[in-house]
Amino acid sequence: MDRRSLIKRAGIAGVLASGIAPAVHAQAAVRWRLASSFPKSLDTIFGSAEMFARTVKDLSGGKFEVSTHAAGELMPAFGVVDAIQNGTIEMAQTAPYYFTGKNSIFAFGCAVPFGLTARQMDSWMEHGNGRKLMDAFYAQYNIKSESAGNTGTQMGGWYRKEIKTVADLKGLKMRLGGGLFGEAMAKLGVVAQNMPAGEVYQALEKGTLDASEFVGPYDDEKLGFNKVAPFYYYPGWWEGGAELEFFINTKAYAALSPENKAIVDAATKVAARDMTAKYDALNPVALKRLVAARTQLKPFSKDLMDAGFKASMEVFAEHEAKSPEFKKIHQDMRAFQRDQLLWTRFSEYRFDSYMASVKI
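Structural notes, computed from the coordinates. (Residues numbered from 1 in each chain as written. Predicted model: local features only at pLDDT ≥ 70, side-chain atom pairs only at ≥ 80, totals over all residues. Heavy atoms only, no water.)

Some details on the overall build of the chain
Tallying secondary structure elements over the chain gives 13 helices and 11 strands in all. Compactness check: the chain gives a C-alpha radius of gyration of 21 Å against a globular reference of 21 Å for 360 residues, within 12% of the reference. Burial status across the chain gives 52% buried among its 360 residues. In the chain, the proportion of contacts linking residues at least 24 apart, taken out of those at least 6 apart, comes to 77%. For the chain, the accessible area works out to roughly 16,200 Å², and carbon and sulfur atoms hold 54% of it. Seen as two clouds, the 44 positive and the 39 negative side-chain charges of the chain have centres 1 Å apart. (Helix = DSSP H or I, 4+ residues; strand = E, 2+ residues; numbered from the N terminus. Rg over C-alpha atoms; globule rule 2.2 N^0.38 Å. Buried < 20%, exposed > 50% of the residue type's maximum accessible area, 1.4 Å probe, protein only. Contact = heavy atoms within 4.5 Å. Areas by Shrake-Rupley, 256 points an atom, 1.4 Å probe, with all protein chains shown as cover. Lys, Arg positive; Asp, Glu negative; His and termini not counted. Charge placed at Lys NZ, Arg CZ, Asp CG, Glu CD.)

So, the pattern of salt bridges
Within the structure shown, the criterion is met by 19 salt bridges. Across the pair Asp-43 and Lys-222 runs a salt bridge whose closest N-O atoms are separated by 3.6 Å. In this pair, Asp-43 is assigned in the loop between strand E1 (30–36) and helix H2 (45–59) and Lys-222 in helix H8 (residues 217–223), connecting sequence segments 179 residues apart. By relative accessible area, Lys-222 is classed as partly exposed at 43%. (Salt bridge = Lys/Arg side-chain N within 4 Å of Asp/Glu carboxyl O.)

Considerations on the packing of helix H4 (residues 118–127) against helix H5 (residues 130–138)
The contact between H4 and H5 brings their axes to 4 Å, and the two run at 70°. By the angle between their axes, H4 is roughly perpendicular relative to H5. Counted together, Trp-124, Met-125 and Glu-126 of H4 and Gly-130, Arg-131, Leu-133 and Met-134 of H5 form the full contact between these two elements. Counted by class, the contact of H4 with H5 contains 4 nonpolar, 1 polar and 2 charged residues. (Axes fitted to C-alpha atoms, helices over the stretch in contact; angles between N-to-C directions. Parallel < 35°, antiparallel > 145°, perpendicular 65-115°, else oblique. Nonpolar A, V, L, I, M, F, W, Y, C, P; charged D, E, K, R; others polar.)

Some thoughts on the sheet that holds strand E6 (residues 173–175)
On the basis of which strands lie adjacent, the open sheet formed by 6 strands has the order E7-E6-E8-E5-E9-E11 and mixed pairing. For this open sheet the edge positions go to strand E7 (191–193) and strand E11 (296–299), each flanked by a neighbour on one side alone. Of the pairings in the sheet, the one linking E6 to E7 comprises 3 bridges and is parallel in character. Following the sheet pairing, Arg-175 is matched in E7 by Gln-193. (Pairing = 2+ DSSP bridges.)

Description of the nonpolar core
If you look at the biggest cluster of nonpolar residues, it comprises 104 residues, and the most contacted ones within it are Trp-32, Phe-52, Trp-124, Tyr-159 and Met-185. Residue contributions to this core peak at 8 residues, all from helix H10 (residues 258–292). The contact partners of Phe-52, leaving out residues within four places of it in the chain, are Leu-34, Val-66, Met-91, Phe-246, Val-264, Ala-267, Thr-268 and Ala-271. (Core = buried A, V, L, I, M, F, W, Y, C linked by side-chain atoms within 4.5 Å.)

Let's talk about the packing of aromatic side chains
Counted according to the given criterion, the structure contains 25 aromatic pairs. With 5.6 Å between their ring centres and 40° between their planes, Tyr-97 and Tyr-98 make a pair best called tilted. Given a relative accessible area of 7%, Tyr-97 falls into the buried group. Grouping aromatic residues by their ring pairs yields a cluster made of Phe-38, Phe-78, Tyr-97, Tyr-98, Phe-99, Phe-106, Phe-137, Tyr-138, Tyr-141 and Phe-247. Here Lys-144 stacks its cationic end above the ring of Tyr-253, 4.8 Å away from the centre of that ring. Across from the ring centre of Phe-316, 4.9 Å away, lies the NZ or CZ of Arg-334, which sits over that ring. (Phe/Tyr/Trp six-rings, centres within 6.5 Å; stacked < 30°, edge-to-face > 60°. Lys NZ or Arg CZ within 6 Å of the ring centre and 35° of its normal.)

Observations concerning H2
In this model, H2 (15 residues) spans 22 Å end to end at C-alpha, consistent with the 21 Å of a helix rising 1.5 Å per residue. Counting buried residues along H2, 11 of its 15 residues qualify, which places the element largely inside the surrounding structure. Among all positions in H2, only Ile-45, Phe-46, Gly-47, Ser-48, Ala-49, Met-51, Phe-52, Ala-53, Thr-55, Val-56 and Leu-59 are buried. Two residues or fewer after H2 comes Gly-61, characterised by a positive phi angle close to 65°. (Expected span 1.5 Å × (residues − 1).)

Examining the sheet that holds strand E3 (residues 91–94)
What the 5 strands build is an open sheet, ordered E2-E1-E3-E10-E4; its pairing is mixed. At either end of the open sheet lies a strand with only one pairing partner, and these are strand E2 (64–69) and strand E4 (143–150). Averaged over neighbouring strand pairs, the angle between their axes works out to 25° when direction is ignored. Running at roughly 130° to E4, H5 makes contact with E4 and strand E10 (243–249) of the sheet. Docked against the sheet, H10 engages E1, E2, E3, E4 and E10, running at close to 30° with respect to E4.

Points about the pairing of E10
When you tally the buried positions in E10, you get 7 out of 7 residues, the bulk of the element. The pairing of E3 with E10 spans 4 bridges and is classified as antiparallel. Each residue of the ladder has a partner; that of Gln-93, found in E10, is Phe-246. Note that E4 and E10 share 7 bridges and pair antiparallel. In the strand pairing of E10, Gly-149 is matched with Leu-244.

This is the structure in structure tokens:
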């Protein structure tokens with residue numbers, strides 16, 4: 001087996017454990033810049049970019065280095081796609097649905113309402129048609145994509161007032177992460193606001209925002225949302241499993257040696273796995289702290305979720321009518337999801353439901 005295949009199959013852990021160092025000593029040094037759409041304070045998401053950079057450096061023996069830059073350091077949080085497209089930077093780490101203003105198809109690279117869970121998304125991307133379909137779309141932006149990790153199912157956000165019925169959403173000014181969710185919520189009367197995470201606290205405090213969704217307990221606690229919006233709803237039906245992505249400039253990737261391409265591929269997988277595992281480890285503990293600090297944890301009613309589902313399906317139908325490419329990707333994802341839901345009925349769902357009902 002050649003060295004590149006070894007790195008791709010084993011990843012960093014296998015390579016280092018085997019005692020075989022990549023053959024980089026004869027190669028010229030490579031320096032890349034990675035711009036994130038997230039602040040350094042989010043050690044979960046931004047930590048994925050840092051893990052990627054460390055792994056690349058370790059696997060290359062220091063010959064390949066990637067400098068990581070938080071939102072605002074090299075460019076605004078939402079400027080990374082333009083920077084990748086024009087070759088200003090080699091990599092970005094972002095949530096693709098931030099860029100649905102360019103094209104609604106970007107949403108499928110991250111999360112859509114009533115979409116895939118983290119495991120389902122990973123499976124669709126890597127062993128279904130997801131990555132192939134999305135990279136064919138991203139090619140027009142000079143982008144090759146890799147997963148940067150998944151948050152898992154998110155929470156439904158923070159609200160300054162209780163949300164008991166669909167009518168309570170009318171006129172609500174809410175920060176939304178982006179994507180098709182905003183269009184679905186608009187049908188329910190919500191006034192969608194798209195802003196970087198770092199600006200949300202002040203907007204909630206001043207009352208220029210009535211609500212905000214971000215990710216989940218660990219990140220939300222760090223951002224302090226519980227101090228300015230006491231009601232915490234669940235689940236985030238618009239993000240059943242939000243995938244963050246590494247966007248790589250196609251020309252920069254093509255210019256790499258085969259060994260360095262293998263290192264990049266392996267390092268993205270290490271970083272993605274680490275992010276998802278970190279969320280699963282940290283969210284339960286953070287949720288207990290938030291509840292202890294008097295956060296009022298509340299479920300969305302079934303009526304509200306049914307209304308959200310209906311609005312979301314209308315949004316999908318509207319986009320399908322306008323874009324054959326959107327329809328192709330959406331229908332492929334839903335076909336994959338149907339099989340996943342069938343299997344889950346007999347495996348994860350049944351097992352988790354039972355375990356939640358007993359004392360351990």
